[in-house]
Amino acid sequence: MLSKTSALFIGLFVICIFSNSAFASNQEKSSVQDKNGTGHAVGSLSEGSNHERMPSEDLSHNSVHPDQGHGDADLGEVLPLWSCIPFACMLLSIALFPLLAPEFWHHHFGKVSAFWATCLGLPFLIVYKGPALYDILHIILADYVPFIILLWSLYTVSGGILLRGSLRGTPAVNVVMLIIGTLLASWMGTTGAAMLLIRPFLRANNYRKNRTFMVVFFIFLVANIGGSLTPLGDPPLFLGFLHGVSFFWTFRLIPQMLTVAILLLVIYFILDSYYYRKEGVTASEEEDVKVPLKLEGTYNFIFLAGIVGSVLMSGIVDWGEVNTLGVHRAVQDWVRDGLLIIMGILSLMATPLTLREDNSFSWFPIIEVAYLFIGIFITMVPCLLILKAGSRGELAFLINSVKNPYHYFWITGALSSFLDNAPTYLTFFNTALGSFYAGMAESQAVPLLMADKAIYLKAISAGAVFFGSCSYIGNAPNFMVRSISEEAGTPMPSFFGYILKYSLVILIPAFLIVTFIFFV
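Quick caveat: nothing in here was measured; it's all calculated off a predicted structure.

Rules and cut-offs
- Residues numbered from 1 in each chain as written.
- Predicted model: local features only at pLDDT ≥ 70, side-chain atom pairs only at ≥ 80, totals over all residues.
- Heavy atoms only, no water.
- Helix = DSSP H or I, 4+ residues; strand = E, 2+ residues; numbered from the N terminus.
- Buried < 20%, exposed > 50% of the residue type's maximum accessible area, 1.4 Å probe, protein only.
- Contact = heavy atoms within 4.5 Å.
- Patch = residues over 30% accessible without salt bridge, like charges linked within 9 Å, V, L, I, M, F, W, Y side chains within 5 Å.
- Areas by Shrake-Rupley, 256 points an atom, 1.4 Å probe, with all protein chains shown as cover.
- Salt bridge = Lys/Arg side-chain N within 4 Å of Asp/Glu carboxyl O.
- Phe/Tyr/Trp six-rings, centres within 6.5 Å; stacked < 30°, edge-to-face > 60°.
- Core = buried A, V, L, I, M, F, W, Y, C linked by side-chain atoms within 4.5 Å.

Participant: Got a minute to help me understand the overall build of the protein in this structure?
Facilitator: When helices and strands are counted, the protein shows 22 helices and 4 strands. Counting only residues that meet the buried cut, the protein has 59% of its 520 residues in that class. Partitioning the contacts of the protein with sequence separation of at least 6, the portion at a separation of at least 24 is 82%.

Structure follows, in structure tokens:
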């Protein structure tokens, strides 16, 4: 086992060092370009937009200091695609170590995350200095910290809500629970709905032998597809709301959302019915005793409402900005983060420890997500910078090829499957504005996009939300649900197993159907 681990680590390390060593030569190349006057073009995302920087999973109003925005654009324009190799290595570690060295991974996943973050961070800082430091600080302060605070608060509060009683996970009951979660996701967020319902869902099915596919469909529907109807549901839609898309405009995604949801629910019911009959599992004598359903810790719904309200507040009010280590963030975003922490602390104070123990609550899932995602966020910096550079960056061939609605749907979606879906959404949102309303102010162009070119905005919105279900890192709650389920004793597929066995086989055909019905 140790030899496999060593070989894997050495191989990935060599690849990463090779990629990072080329930073220096690329910096020399960019210096020559600067002297020739070609190295200071403005990225496509800074044109026609009031937001020079894009928020990530935290739904924030971040903006760039005038002295920093220009350098950020330059970095995205000069970074080569292979600067994304450390990010790929981080994903490969998540995919391969649990298979090849599970014991090592269980005890050292935090160190692996720190290793890849360092492999990207150190050469990046040495070569690009100030601008690189700014981008790393920005993704930590404005993206990662709010991201993990939101997850922690929802995880903590939902962990204090316990459903007692006899809830037996038959195919019909499971479908009803998935429908409820899918509907809740648009109003309390995909993360909120997923954290609230995953434990009752797992407990109802703890007597079943085949549970893996159940959790996968839970991720598909509750943690992703269900969040497509309001800006509260998923970060990309909230970002669109901040840029002028009306709150209820996303209701126009109901046909697309219902199409995917119904397809997935029908497939799920067929699979669950098949395994239910095949297993022939009967309840034990203790389970035969019917215990009325009873919800305990209901006061936590107050804290849950406080979390949702805090997120909504941060998108409505404007209290100015504050500079933290050179990163400008909106005051209301800091206030929101503080309120989320308070909601979590109040839940911990109000909820008896015995209730959390009965709910199989532990801190391991949120710790695992916190450790892994700091590595993901930092190694993802070059990828996001190249994406933000638009037609000036290495992904110009991809962005320039986007013409038709189905292009927007699939390319936005494909990138959202592995990168942050919020900046991906904004990239193609601005691409559409620039294509149809070049030179027009955003305040004037967005209403026209909603009215005259609605199919393009629908394609961008649906792609960013739907495709988040294609991988464990596509959306915030995916990895949390996986971690909670594994801790509860439900085996989950590997990173690539999830994609190959479920996403490609089930999701992609469903998305093809949506494409032919709505976007061709």
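Participant: Explain a nonpolar patch on the surface here, please?
Facilitator: A contiguous nonpolar patch, built from Trp187, Phe248, Phe251, Ile254, Leu258, Ile262, Val266 and Ile270 and spanning about 750 Å² of accessible area, is present on the exposed surface. If one sorts the elements of the nonpolar patch by residue count, helix H9 (residues 254-279) sits on top with 5 residues. Its place among the elements puts Val266 in helix H9. The partly exposed category is assigned to Val266, whose relative accessible area is 45%.

Participant: What should I look at first to understand the packing of aromatic side chains in this one?
Facilitator: Tallied over the entire structure, the rule returns 44 aromatic pairs. Measuring from centroid to centroid gives 6.0 Å for Phe220 and Tyr498, while their planes differ by 70 degrees, and the two rings are edge-to-face. Within this pair, whereas Phe220 is found in helix H7 (residues 212-221), its partner Tyr498 is found in helix H22 (residues 495-519), the two being separated by 278 residues in sequence. Like Phe220, the residue Tyr498 is buried in the burial classification.

Participant: How should I be thinking about the pattern of salt bridges in this particular structure?
Facilitator: As a working rule, side chains carrying opposite charge can pair if their charged atoms are close by. Per the counting criterion, the structure on display carries 9 salt bridges. When the shortest N-O distance is used, the salt bridge between Arg208 and Asp272 registers 2.6 Å. You can see Arg208 sitting in the loop between helix H6 (190-204) and H7 and its partner Asp272 sitting in helix H9, a full 64 residues away along the chain. Like Asp272, Arg208 is buried. A salt bridge links Glu279 to Arg208, with the nearest nitrogen and oxygen atoms 2.8 Å apart. Separated by 71 residues along the polypeptide, Glu279 in helix H9 and Arg208 in the loop between H6 and H7 bring together distant segments of the chain. We note that Glu279, like Arg208, is buried. The network of salt bridges with common partners includes Arg329, Asp333, Arg336 and Asp337.

Participant: Would you mind showing me how to read unusual backbone geometry here?
Facilitator: For residues besides glycine, phi is generally negative; the peptide bonds are generally trans as well. Residue Leu325 is not a glycine yet carries a positive backbone phi of 55 degrees. Here Leu325 is to be found in the loop between strand S3 (321-324) and strand S4 (327-330). Overall, the relative accessible area of 64% leaves Leu325 in the exposed class. Unusually for a residue other than glycine, Ser360 sits at a positive phi of about 55 degrees. For Ser360, a relative accessible area of 57% corresponds to the exposed category.

Participant: What's the story with the nonpolar core in this structure? I'm lost.
Facilitator: The nonpolar side chains of soluble globular proteins are, as a tendency, buried together. Counting 149 residues, the largest nonpolar core has Phe124, Phe466 and Phe511 as the members making the most contacts within it. Ranked by the residues each element gives to this core, the list is headed by helix H4 (residues 102-158), at 22 residues. With residues near it in sequence (within four places) discarded, Phe466 still touches Ile225, Ser228, Gln256, Met257, Val260, Phe409 and Phe511.

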